[in-house]
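# A closer look at the structure
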Amino acid sequence: MNDSRRVEIEYCTQCRWLPRAAWLAQELLTTFETELTELALKPGRGGVFVVRVGDEVVWDRREQGFPEPTAVKQAVRDRVAPGKSLGHSDKPAQD
């Protein structure tokens, strides 16, 4: 079942990226405390660091490098709360 307000951060246990994933999770939970239904940390292997909203990948380290929190917040916001302002970190999309 796809819950479009569920966020999952899959991180590599071999690379010891749990602290980075937990920090990003905290940033997202603080920003979207009423909009998200769940935020899961999913242990993985092989250098994975992927952020999903529902079933959609919104950030993949292999393609985009490690995310800045602002970029992930914007990607999550666009899917779970399109009208929400992110305050000073909210920048218009660059084409």
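Report on the accompanying structure. (Residues numbered from 1 in each chain as written. Predicted model: local features only at pLDDT ≥ 70, side-chain atom pairs only at ≥ 80, totals over all residues. Heavy atoms only, no water.)

This part covers the overall build of the chain. Scanning the chain for helices and strands turns up 3 helices and 4 strands. Helices and strands in the chain line up, N terminus first, as β-α-β-β-β-α-α. Out of the 95 residues belonging to the chain, those deemed buried represent 43%. Restricting the contact set of the chain to residue pairs at least 6 apart, pairs at least 24 apart contribute 64%. Total accessible area computed for the chain in this model is approximately 5800 Å², and 46% of it derives from carbon and sulfur atoms. (Helix = DSSP H or I, 4+ residues; strand = E, 2+ residues; numbered from the N terminus. Buried < 20%, exposed > 50% of the residue type's maximum accessible area, 1.4 Å probe, protein only. Contact = heavy atoms within 4.5 Å. Areas by Shrake-Rupley, 256 points an atom, 1.4 Å probe, with all protein chains shown as cover.)

Take the packing of helix 1 (residues 18-31) against helix 3 (residues 69-80) next. Between helix 1 and helix 3, whose axes approach to 10 Å, the crossing angle comes to 50 degrees. By the angle between their axes, helix 1 is oblique relative to helix 3. For helix 1 against helix 3, the interelement crossing comes out right-handed. For the pair helix 1 and helix 3, the contacting residues are W23, L24, E27, L28 and T31 in the first and P69, V72, K73 and V76 in the second. (Axes fitted to C-alpha atoms, helices over the stretch in contact; angles between N-to-C directions. Parallel < 35°, antiparallel > 145°, perpendicular 65-115°, else oblique. Left-handed = near helix turned anticlockwise from the far one by under 90°.)

In total, this model carries 8 salt bridges according to the counting rule given. R52 is the partner of E8 in a salt bridge, and the nearest nitrogen-oxygen pair spans 2.7 Å. Taken together, the residues span a long stretch of sequence, with E8 in strand 1 (residues 6-12) and R52 in strand 3 (residues 49-53) at a distance of 44 residues. The pair E8 / R52 is uniform in exposure class, with both members buried. Each of R6, E8, E10, E38 and R52 takes part in one network of salt bridges that share partners. (Salt bridge = Lys/Arg side-chain N within 4 Å of Asp/Glu carboxyl O.)

Relative to strand 2 (residues 38-44), strand 1 runs parallel, the two sharing 7 bridges. Across the sheet, R6 pairs through a bridge with E38, a residue of strand 2. Crossover connection from strand 1 via helix 1 to parallel strand 2: handedness right-handed. (Pairing = 2+ DSSP bridges. Right-handed = clockwise from strand over helix to strand, strands pointing away.)

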